[in-house]
Amino acid sequence: MLIAGCGDVGIALGRLLAADGDEVYGLRRRVAPLPAPLVPLTADVTRIETLGALPPRIDVAVYAVSADRFEDGAYREAYGDGL
């Protein structure tokens, strides 16, 4: 399972799913530690060239990203282009 956008909400969900026995990858655009047992991945959903290192087999993806700025363009990138 992949959680794209592993902030507070993504981490909470990841912990619940991992406790249920799922292998959970947490994707963030910047390198930052994630609590175990989440497996950290670094990529930016708005930059397709960064997504090549995703695991080859992902059954489920949760899209929980947030805009990185309070601007129309940032919201469009995160919620339109990134998805």
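A brief structural summary. Since the structure is predicted, the reported quantities are computational estimates derived from the model, not experimental observations. (Residues numbered from 1 in each chain as written. Predicted model: local features only at pLDDT ≥ 70, side-chain atom pairs only at ≥ 80, totals over all residues. Heavy atoms only, no water.)

**A closer look at the pattern of salt bridges**
Close approach of charged atoms lets side chains of opposite charge pair.
Logical step 1: This model, assessed by the stated rule, comprises two salt bridges.
Logical step 2: Among the ionic pairs, Glu49 bridges to Arg47, the shortest N-O distance being 3.2 Å.
Logical step 3: Taking relative accessible area as the criterion, Arg47 reaches 45% and is therefore assigned partly exposed.
Logical step 4: The residue Asp59 makes a salt bridge to Arg57 at a minimum N-O spacing of 3.4 Å. The two residues Asp59 and Arg57 agree in class, both being exposed. (Salt bridge = Lys/Arg side-chain N within 4 Å of Asp/Glu carboxyl O. Buried < 20%, exposed > 50% of the residue type's maximum accessible area, 1.4 Å probe, protein only.)

**What about the nonpolar core?**
Logical step 1: With eleven residues, the main nonpolar core is built from Leu2, Ala4, Tyr25, Leu27, Leu41, Ala43, Val45, Val65, Ala67, Ala74 and Ala78.
Logical step 2: For this core, the secondary-structure elements that each account for two or more residues are β1 (2-4), β2 (25-28) and α2 (72-81).
Logical step 3: Sequence-distant contacts of Ala74, defined by excluding residues within four places in its chain, comprise Ala67, Asp68 and Arg69.
Logical step 4: Core analysis: the second largest hydrophobic core is formed by eight residues, Ile3, Leu17, Ala18 and Leu34 among them. (Core = buried A, V, L, I, M, F, W, Y, C linked by side-chain atoms within 4.5 Å. Helix = DSSP H or I, 4+ residues; strand = E, 2+ residues; numbered from the N terminus. Contact = heavy atoms within 4.5 Å.)

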